[in-house]
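Remarks on the overall topology
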Amino acid sequence: MADLRALAAVYVRLVASRIRAHLEYPVSFSLQLVGTALLTLIDFVAIAVIFVNVPELGEWTVGEVALLYALATISFALTDLAIGHLDLFPQMIRDGTFDQILVRPLPSLLQVVTMDFAPRRIGKVIQGVVVLVLALVLLDVDWTVARALAIPLAIAAGAIIYASVWVALATIAFWIVDAIEVVNAFTYGGSFLSQYPIGIFARWLQGLVVFVVPLAFVAYFPALYVLGKDDALGLPQALSFASPLVAVLAALVAGAVWRNAVRHYRSAGG
Amino acid sequence: MRLYFELARRGYRRYSAYPAATVAGLFTNIFFGLLLAYILLAVYAETDEIGGYDVRDAIAYVWISQGLFSVVAIFGPSWFDLAIRVRSGDVATDLQRPLDLQLSTLAQDVGRAWYQLFFRAIPQFVLGAIIFEITIPNEAGRWLLFAVSIALAIPVSFGIRFMLNLCSFWLLDHRGPTLLALALNNVLSGMIVPLAFFPGSLDTLARLLPFASMLQAPIDIYVGEPIGGNAATALTLQVGWAVALYLMGRMMLAAGTRKLVLQGG
């Protein structure tokens, strides 16, 4: 436990130094904040524009899709805030700077995710919360204590699921450093996919996000539970509650994959 | 001329040297394309036509836009090349070379675009056309205009990125302007949803801006819905933006160079 606390202290210190570094360029940083706000706003424009033209999408109303969007976005924004800098990690393999990480007395993954930290990404979390409030205003949810608890639980579980998928797939860089864009399909692509009702996608894609890369547990199953909607996929009702369990499993798998990949690391210097 | 042709070839080879990156990019674009295609199919389950686009036009839009994504570099590594050289000061060396910085960067970018066209856009489009039912124009003339429009989209996209890179002369850090440009690029080029889906006059307004000239314009020509109802108008607008952005980039480079010299390089 003392170990964990020490690690948390190191984490906070590293992140704080990264934040200070970003504030060194104030004009650029302000533009980044505006850019992030605009980018995330635009993200929701796609859904808004669709519902300007049609009343329903796969039997989901605008309020219901907004709930999916909010759950998917807040989870992903938290993941992006915490570990978004895994994007820079293939460059470390290419340059051979990953060697330095291996000789320092801290877990390699912790060092990689604290290489940089973008405080502007908080903007995205806030935007998700705004859409969540909007969704709850639009919807007429039949509230129970369990349903109210399901929302924060889904967000936490979703963030862990995204992070696990990201970490596990980023290890591809240990083998094929140029192929890292594949990861984007499941991270950015996964966050995009989770914003929509899974029922509108092809059967094979539904199978993929339920059984292989568990993105359906980020927003879809929790939203079904909160809304009291039937699953278009015809899967057991119990899956609506499975997100936290799936998150723990995903994290364990991702951790194992990362450790195994690091053992196979061969430096660029030969 | 020979020199710029050679530079374009180098630009092409710079990307062809990394086939794994191409395959990975192709995979990700196809995945996004599939998601977007299923979303639009669900939209068209509720309606027959939106802003002149029927379902087959909309699915054609998906595969052309995903293909052009890398050709016109809606986003990608080519965004920062020059900005990083400005920040590090390497641009001083570039400016000493006996060639025009803007033209030589353009030449390399055209080479990059050709590579992306052959190895990303065309395979993706063919795959999309096989899996889904999409609009396939049967007049040769429209295919020709479509090709011309894609060729014009490349200098327009270059013009926007070049100016974005030059912001570094004043701000040093390129991340802020990049995010802002990324937001505008994504929504106003038609990358996220077809501009035809925009309500009322927002649609026309967006199509007049330079962002539409790099993505939506060729697609509109392909499906037979160009701005003003005729391809000549759309192409003229593209030429206008390509030239205007080039001249603006030139002025910005001159101002940036002056600033660099004052600082002592």
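Being a predicted model, the structure only gives us computed values, none of them experimental.

A short note on the overall build of chain A
The helix and strand inventory of chain A stands at 14 helices and zero strands. In chain A, the order of α-helices and β-strands from amino to carboxyl end is α-α-α-α-α-α-α-α-α-α-α-α-α-α. Here the C-alpha atoms of chain A give a radius of gyration of 20 Å, agreeing with the 18 Å that 2.2 N^0.38 yields for 270 residues. If one aligns the C-alpha atoms of chain A with their principal axes, the spans along those axes are about 55 × 45 × 40 Å. Classification of the 270 residues of chain A by burial places 52% in the buried group. Here the contacts in chain A between residues at least 6 apart in sequence split such that 77% fall between residues at least 24 apart. When the accessible surface of chain A is totalled, it reaches about 12200 Å², and 67% of it is carbon and sulfur. The positive charge centre, built from 15 side chains, and the negative charge centre, built from 17, are 12 Å apart in chain A.

Examining the overall build of chain B
Summing up its helical and strand segments, chain B has 13 helices and two strands in all. Over its C-alpha trace chain B gives a radius of gyration of 19 Å, about what one expects of a compact globule, namely 18 Å for 265 residues. Here the C-alpha coordinates of chain B stretch approximately 65 × 40 × 35 Å along the principal axes. Excluding contacts between residues fewer than 6 apart, the proportion of contacts in chain B whose partners are at least 24 apart in sequence is 79%. Where the 18 positive side-chain charges of chain B centre and where its 17 negative ones centre are 16 Å apart.

Things to note about the interface of chain A and chain B
Reports of interface size often rely on the accessible area that becomes lost once the parts have come together. Each partner contributes to the interface: chain A provides 45 residues, whereas chain B provides 38 residues. Both sides together, the interface formed by chain A and chain B hides about 3600 Å², and carbon and sulfur atoms give 79% of it. The interface formed by chain A and chain B holds one salt bridge in total. Between E181(A) and R120(B) there is a salt bridge, with the nearest N and O atoms lying 3.9 Å from each other.

Thoughts on the nonpolar core
The biggest cluster of nonpolar side chains holds 157 residues, and the ones touching the most others in it are F89(A), F98(A) and Y196(A). For this core, the element with the most residues is helix α2 (residues 19-44) of chain B, which contributes 13 residues. Setting aside residues up to four positions removed in sequence, Y196(A) forms contacts with A46(A), I47(A), I50(A), L57(A), L68(A), F201(A) and I39(B). One finds I221(B), I227(B), A231(B) and A234(B) within the second-largest nonpolar core, a separate group that totals six residues.

Considerations on the side chain of T114(A)
Residues and elements named next belong to chain A. Positionally, T114 belongs in the loop between α6 (108-113) and α7 (122-138). Classification of T114 as buried rests on a relative accessible area of 2%. Within the structure, the side chain of T114 is placed 3.2 Å from the backbone oxygen of Q111, a separation counted as a polar contact. For T114, the residues in contact, after removing those within four places along its chain, are Y11, L14, V15 and R18.

What to know about the packing of aromatic side chains
Residue and element names in this part refer to chain A. Applying the stated criterion across every chain, the model contains 32 aromatic pairs over all chains. Both rings, one in F76 and one in Y162, keep their centres 5.1 Å apart while their planes meet at 80 degrees; by these two values the pair is edge-to-face. Remark: Y162 occurs in helix α8 (residues 145-170) and F76 occurs in helix α3 (residues 62-83); sequence separation between them is 86 residues. In this pair, the class of F76 matches that of Y162, namely buried.

Section: helix α12 (residues 216-223) of chain B
Burial runs high along α12(B): eight of the eight residues are buried. Phi turns positive, to about 80 degrees, at G224(B), one or two residues after α12(B).

What about the side chain of S168(B)?
All names here are of chain B. Looking at the element boundaries, S168 is found in helix α8 (residues 168-171). Residue S168 is classed as buried on the basis of its relative accessible area, which comes to 1%. Discounting chain neighbours no more than four positions away, the residues touching S168 are A83, V86 and H174.

So, the environment of F217(A)
Residues and elements named next belong to chain A. Turning to its location among the elements, F217 is positioned in the loop between α12 (203-212) and α13 (220-227). Taking relative accessible area as the criterion, F217 reaches 4% and is therefore assigned buried. In this structure the C-alpha to C-alpha distance between F217 and G158, which are 59 residues apart in sequence, comes to 7.0 Å. F217 has contacts with I161, V210, P222, L239, A242, S243 and V246, leaving out every residue within four places of it along the chain.

Overview of a nonpolar patch on the surface
Together, W114(B), F118(B), F119(B), I122(B), V126(B), L127(B), I130(B) and I131(B) make up a nonpolar patch on the protein surface, roughly 750 Å² of accessible area in all. For W114(B), the position within the fold is in helix α6 (residues 101-131).

Focus: the packing of α2(B) against helix α3 (residues 55-71) of chain B
All names here are of chain B. Orientation of α2 relative to α3, taken along the N-to-C sense of each, is 160 degrees, at an axis distance of 9 Å. Looking at the two axes, α2 sits roughly antiparallel to α3. The two elements α2 and α3 cross, and the hand of that crossing is right-handed. Mapping the contact onto sequence places N29, I30, F32, G33, L34, L36, A37, L40, L41 and Y44 in α2 and V55, A58, I59, Y61, V62, W63, Q66 and F69 in α3. Residues of the contact of α2 with α3, tallied by class, amount to 15 nonpolar, three polar and no charged.

What counts, and at which threshold
Residues numbered from 1 in each chain as written. Chains lettered and ligands numbered in written order. Predicted model: local features only at pLDDT ≥ 70, side-chain atom pairs only at ≥ 80, totals over all residues. Heavy atoms only, no water. Helix = DSSP H or I, 4+ residues; strand = E, 2+ residues; numbered from the N terminus. Rg over C-alpha atoms; globule rule 2.2 N^0.38 Å. Buried < 20%, exposed > 50% of the residue type's maximum accessible area, 1.4 Å probe, protein only. Contact = heavy atoms within 4.5 Å. Areas by Shrake-Rupley, 256 points an atom, 1.4 Å probe, with all protein chains shown as cover. Lys, Arg positive; Asp, Glu negative; His and termini not counted. Charge placed at Lys NZ, Arg CZ, Asp CG, Glu CD. Buried area = accessible area lost by both parts, 1.4 Å probe. Salt bridge = Lys/Arg side-chain N within 4 Å of Asp/Glu carboxyl O. Core = buried A, V, L, I, M, F, W, Y, C linked by side-chain atoms within 4.5 Å. Polar contact = N/O pair within 3.5 Å; in protein donor to acceptor, adjacent residues only side chain to side chain. Phe/Tyr/Trp six-rings, centres within 6.5 Å; stacked < 30°, edge-to-face > 60°. Patch = residues over 30% accessible without salt bridge, like charges linked within 9 Å, V, L, I, M, F, W, Y side chains within 5 Å. Axes fitted to C-alpha atoms, helices over the stretch in contact; angles between N-to-C directions. Parallel < 35°, antiparallel > 145°, perpendicular 65-115°, else oblique. Left-handed = near helix turned anticlockwise from the far one by under 90°. Nonpolar A, V, L, I, M, F, W, Y, C, P; charged D, E, K, R; others polar.

Function cannot be inferred from these measures alone, as they are strictly geometric.
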